[in-house]
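# A closer look at the structure
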Amino acid sequence: MRVFKNYVFMFFLLFMFSMSAVAQSTTGSITGRVLDAKTLQPLSEANVQVLDSHVGTTSDRSGNFNFNGLQAGNYNVSVSVIGYEKQQQSVVVKSGQTASMIFKLLPVVLKMRSVAVEGDKERNVIQQPRSESVGLDLSTSVITRRDIQKQGAKTLVEAMDYIPGAWIETRGRKVKQFFSIRGQRYPYPEYAVDGVWQREFHELPYFFSTADIERIEVIRSSAALLTGLSGMAGVINIVPKTYNSPEFSHEIEYGSYGSYRLQLSHGAKVGDVSYASGIGIRHTDGPSDMNAKEEMANFYGRVNWQASQKLGFQLMVFHLNGERQMRLAKAPASSRFQTEISGYDPYRSTLASLKMNYTHSERSNIEAVAYYSHRDPEFYSVDSETNAVSKTLEKDYEYGLSVLHAFKLSSNNTLRWGGLYNHWVTPNGKRFYSGRKSDLYTYSGVLVDEHQFHRLTLDAGVRLSKTYINEYGAFGIDGSAKGFAGVEPIKDTWEPIVTQASLGGSYLLTESVSVFMNSMFGIVQPRKGTFDVDLNEPQNEKRIKLDIGTKFEAPCFGSVSITGYGTVQKNAIVLSGQSEEINGYVAELYANRDQDQLGVELELRSKKMWDHVQFFTNLITMRSRKKADDEMVENDEIPDIISNTGLSFDFAQCNINLYAKYMSEYESTRFVASTKTNPATPQPLGDFMNFDATAEYQIAKIPATTVFLQIKNIFDEKYSTVVGYPDFGRQVFAGIRQSF
């Protein structure tokens, strides 16, 4: 497309200009953690500032912070949090090394007319009202911007590949990649952008660029209540990048299959206003004769305005525009998927939100978010005999309002309550019910109560949701989808209330050892437009889950955690292995069956050792069962083991990262040819060990210039995660990154 050629030319000129300013230098970094001095609980959103400079950041939910690219020398670092004494420490940064810091802040007591007011301890849920249950900490993974750079991840899905239990199913259909955790599929995890829940997002994660993401928060458990409407299969929250000082950066990359990626980002803070912007493109031709070409342009803009000490606003926009061909399958996939030429051109999507945060006092805070999402992909398919092209606009949009109020009832008790309104419309229908309008209104309320008793924190919550069907044209709930075009749409109907409830907590045994627990009960509804084998809507699923685990943190080594979890599903919504051609589309049919699962997660994360080496490893082992012929049997559709390991080496200006992923064998009938006389036979998948590597070398300080190399699937391992869609094999990418 012409727009991509213009972007390429612009980035080429920028690259040539910036390369002329390269100069040799060395840098180091600072990493640290902010804790409550009394309870040793992490303090998030702490303001961390390198004094006498414009360099600043905030601590994440685990209390961690870091500064990269600092010139060797002595620095003074200041940390402040509302309700705590401000603290300052000195640190020496050496070339090619990382200096470590720990801040333990003391709560302050302010005396006003004989009234003592103590600062918030541990988690500050007043300032962060959407913080999920503290019992979910062991089941939450935070992927930082530096993690993304080390992995060489270009998209949201790629960035999540190495968290515990991560399972990426790569295929070539309308949803190219499905991401799940702990084998919790159907539904797949929900997505939110900076806490804003997205109803229809599953076709975007493999397009969504990581270039302007600050961090990704993945709640691996199915117990999230506050981040939108959880489908009880986990929640992925994308936190966009913010700037505390002026920065201009760009990145250029080229690699296998004619792939290239160009990115330009800029942001700054001026007084009470900070802003961020980014624009980029990504292109690949894919393997030859596989109809796998993709190219996507992305834009990101964000403005934060702190109007007063109490009132703040944030406006954010993401826009994507491009095209994608649907990759052809290989045997043993159905012959249709091996020959059907189809794709999206164009694929456009816009996400926008306006957030308001009002802190009435240290005891009360209100957060309100208005949001709008618009997606209008145009699907096309080519007739293999006549070469005639048919097109369908699969447009949909949603908008809504989410309000959450946090109020401290006492020094030990915080109550949070709020509501969500969402209106989703697809004027022309989507996927296999294309041509049939749907118009749904969803209303939801949530209440969460949290108590703190020194080292013990307990919380309980409930969310109620109800959907009004203004019009739903896929099929009649009480009828049949046969004779699809003649089925009358559902109109003016309320669905039953959906309930989810959770109970969780954490206990600090010692300064180094913590125990966590969380439980959840809820109803899971089938996604709109899904059919069972009788071509009716699948039944609602009832799900109960439990997480319990412990974490050990040693300042000299790192952290070790172990979590056990169990899930019981009544009428679980699963793929049946059958399909039906409806209105010219192949619809995958679902079924209801009972399932259960027990699993153990082990995760180790080291500190930097010998000033050069750091590693992580995680392992999840699962026993999954399903009901068949009135008895529970092993569920071979879910792998038993998923394991990831990463090893990082830092030497002067050079950083090398090695990654390994192991997934045990599982099987599936998805996309396998099936008829009534010759039903599909399960095909083996998984059973692979994959190795990736990245390397960075900083060749200049002013401007900061880094060249990098990435090798995916180093040993050219042959494996598939979905029937008929094998991995592309070894791929190599190289590029350069600069910042001013």
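Throughout what follows, the structure given in this document is the object of discussion. Quick caveat, the model's predicted, so the values are computed rather than measured. (Residues numbered from 1 in each chain as written. Predicted model: local features only at pLDDT ≥ 70, side-chain atom pairs only at ≥ 80, totals over all residues. Heavy atoms only, no water.)

### Quick notes on the side chain of Ser 444
- By the secondary structure assignment, Ser 444 is in strand β28 (residues 438–453).
- There is a polar contact of 2.6 Å between the side chain of Ser 444 and the side chain of Arg 463.
- Those residues in contact with Ser 444 that lie beyond four places of it in its chain are Leu 229, Gly 418, Gly 419, Leu 420, Arg 463, Leu 464 and Ser 465. (Helix = DSSP H or I, 4+ residues; strand = E, 2+ residues; numbered from the N terminus. Polar contact = N/O pair within 3.5 Å; in protein donor to acceptor, adjacent residues only side chain to side chain. Contact = heavy atoms within 4.5 Å.)

### Describing the sheet that holds strand β16 (residues 235–240)
- Spatial strand order, β10-β15-β16-β13-β14: five strands in an open sheet with mixed pairing. Looking along the sheet, the strands with just one partner apiece sit at the ends: β10 (140–144) and β14 (196–198). This sheet shows a mean twist of 20° between the axes of neighbouring strands, independent of strand direction.
- Pairing between β10 and strand β15 (residues 213–219): five bridges, direction antiparallel. Residue pairing for β15: Ile 143 is matched across the bridge by Ile 216. (Pairing = 2+ DSSP bridges. Axes fitted to C-alpha atoms, helices over the stretch in contact; angles between N-to-C directions.)

### Description of a negative patch on the surface
- A cluster of like negative charges, contributed by Glu 634, Asp 636, Asp 640, Glu 665 and Asp 687, occupies part of the molecular surface.
- Its place among the elements puts Asp 687 in strand β41 (residues 683–700). (Patch = residues over 30% accessible without salt bridge, like charges linked within 9 Å, V, L, I, M, F, W, Y side chains within 5 Å. Areas by Shrake-Rupley, 256 points an atom, 1.4 Å probe, with all protein chains shown as cover. Salt bridge = Lys/Arg side-chain N within 4 Å of Asp/Glu carboxyl O. Lys, Arg positive; Asp, Glu negative; His and termini not counted. Charge placed at Lys NZ, Arg CZ, Asp CG, Glu CD.)

### A word on the sheet that holds strand β2 (residues 47–50)
- Taken in spatial order, the four strands make up an open sheet running β3-β2-β5-β6, and their pairing is antiparallel. The open sheet is flanked by β3 (56–58) and β6 (87–93), the only strands paired with a single partner. With strand direction ignored, the average angle separating the axes of adjacent strands in the sheet is 25°.

### With respect to the pattern of salt bridges
- The tally for this structure, following the rule as stated, stands at 36 salt bridges.
- Salt-bridge contacts for Lys 154 lead to Glu 253; the nearest nitrogen and oxygen are separated by 3.4 Å. Linking Lys 154 in the loop between α2 (145–151) and α3 (156–159) with Glu 253 in strand β17 (residues 247–255), this pair joins segments that are 99 residues apart in sequence. Like Lys 154, the residue Glu 253 is buried in the burial classification.
- Taking the shortest distance from any N to any O, the salt bridge between Lys 174 and Glu 394 comes out at 2.5 Å. Taken together, the residues Lys 174 in the loop between β11 (166–170) and β12 (177–181) and Glu 394 in the loop between β25 (389–393) and β26 (396–410) connect sequence positions 220 residues apart.
- When its relative accessible area of 12% is taken as the criterion, Lys 174 is described as buried.
- Judged by its relative accessible area of 0%, Glu 394 is buried.
- Ionic contacts of the salt-bridge type, sharing partners, join the residues Arg 146, Lys 154, Glu 251, Glu 253, Arg 261, Glu 696 and Arg 737 into one network. (Buried < 20%, exposed > 50% of the residue type's maximum accessible area, 1.4 Å probe, protein only.)

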